[in-house]
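Residue-level structure breakdown
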Amino acid sequence: MTNVVTLTGEQRTQIKELVCEILEIDVADVTGTSLFKEDHDADSMSAIEILTSLEHAFSIEIDQAELTRMVNLDGAVAVVEEGLSR
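Residues numbered from 1 in each chain as written. Predicted model: local features only at pLDDT ≥ 70, side-chain atom pairs only at ≥ 80, totals over all residues. Heavy atoms only, no water.

1. Notes on the layout of surface pockets
It is a probe the size of a water molecule, rolled over the atoms, that shows where empty space is left. In this model, the largest pocket occupies a volume close to 190 Å³. What lines the largest pocket is simply Phe36, Lys37, Glu38, Ala42, Asp43, Ser44, Ser46, Ala47, Ile50, Leu67, Met70 and Val71. For the lining of the largest pocket, the secondary structure elements donating two or more residues are α2 (36-40) and α3 (44-58). Classifying every residue of the lining of the largest pocket by side-chain character gives seven nonpolar, two polar and three charged. (1 Å grid on protein atoms, 1.4 Å probe; cavity = no way out; pocket = protein on both sides within 12 Å on 5 of 7 lines; lining within 4 Å. Points joined across faces, edges and corners; volume = space filled by probe spheres on them. Helix = DSSP H or I, 4+ residues; strand = E, 2+ residues; numbered from the N terminus. Nonpolar A, V, L, I, M, F, W, Y, C, P; charged D, E, K, R; others polar.)

2. Topic: the environment of Arg86
Topologically, Arg86 is positioned in the segment after α4 (73-85). Assessed through its relative accessible area of 66%, Arg86 is described here as exposed. Between the C-alpha atom of Arg86 and that of Glu61, which follows or precedes it by 25 residues, the distance is 9.7 Å. For Arg86, the side chain forms a polar contact with the main-chain oxygen of Glu61, separated by 3.2 Å. (Buried < 20%, exposed > 50% of the residue type's maximum accessible area, 1.4 Å probe, protein only. Polar contact = N/O pair within 3.5 Å; in protein donor to acceptor, adjacent residues only side chain to side chain.)

3. Regarding the pattern of salt bridges
Scanning the entire structure with this criterion turns up three salt bridges. Close ionic contact of Glu81 with Arg12 constitutes a salt bridge, the shortest N to O distance being 3.4 Å. Taken together, the residues span a long stretch of sequence, with Glu81 in helix α4 and Arg12 in helix α1 (residues 9-23) at a distance of 69 residues. Linking Arg69 and Glu82 is a salt bridge whose minimum nitrogen-to-oxygen distance equals 2.9 Å. Here Arg69 is found in the loop between α3 and α4, whereas its partner Glu82 is found in helix α4, with 13 residues between them in sequence. Under the relative-accessibility criterion, Glu82 is labelled partly exposed at 33%. (Salt bridge = Lys/Arg side-chain N within 4 Å of Asp/Glu carboxyl O.)

4. Side note on the nonpolar core
Among the nonpolar cores identified, the biggest contains 22 residues, and Ile15, Val19, Ile50, Leu54, Ile62, Met70 and Val80 are the most heavily contacted of them. Listed by contribution, the elements that provide at least two residues to this core are α1, α3 and α4. In terms of residue count, α1 provides more of this core than any other element does, six residues in total. Sequence-distant contacts of Ile50, defined by excluding residues within four places in its chain, comprise Leu18, Val19, Ile22, Leu23, Phe36 and Met70. (Core = buried A, V, L, I, M, F, W, Y, C linked by side-chain atoms within 4.5 Å. Contact = heavy atoms within 4.5 Å.)

5. Some words on α4
The terminal C-alpha atoms of α4 lie 18 Å apart, and with 13 residues this matches the ideal 18 Å at 1.5 Å per residue to within 8%. Taken together, the buried positions of α4 are occupied by Leu73, Gly75, Ala76, Val77, Val79, Val80, Glu81, Gly83 and Ser85. Buried residues in α4 make contact with α1, α2 and α3. Where α4 begins, the capping side chain belongs to Asn72, and its oxygen is found 3.3 Å from the backbone nitrogen of Asp74. (Expected span 1.5 Å × (residues − 1).)

Purely spatial values, then, with no claim about function.
Next up, the structure:
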């Protein structure tokens, strides 16, 4: 059985800053539940860029199927936590 890793506050901030840089939005405009596409005008290329950047930042592999879960910051954090748990 695999233990799920819980990210530190610093790691969560790193993900938020990465997402904001890619979406070209202010950090203050993103909450855990604000939707990348609907609230921040992200497109499919932005989503793939976020996925790829997270893989590089955390040295993990994320299946593209996980894009369906990465609709907001909380979803991205959960995917990274699971990736680090493998």
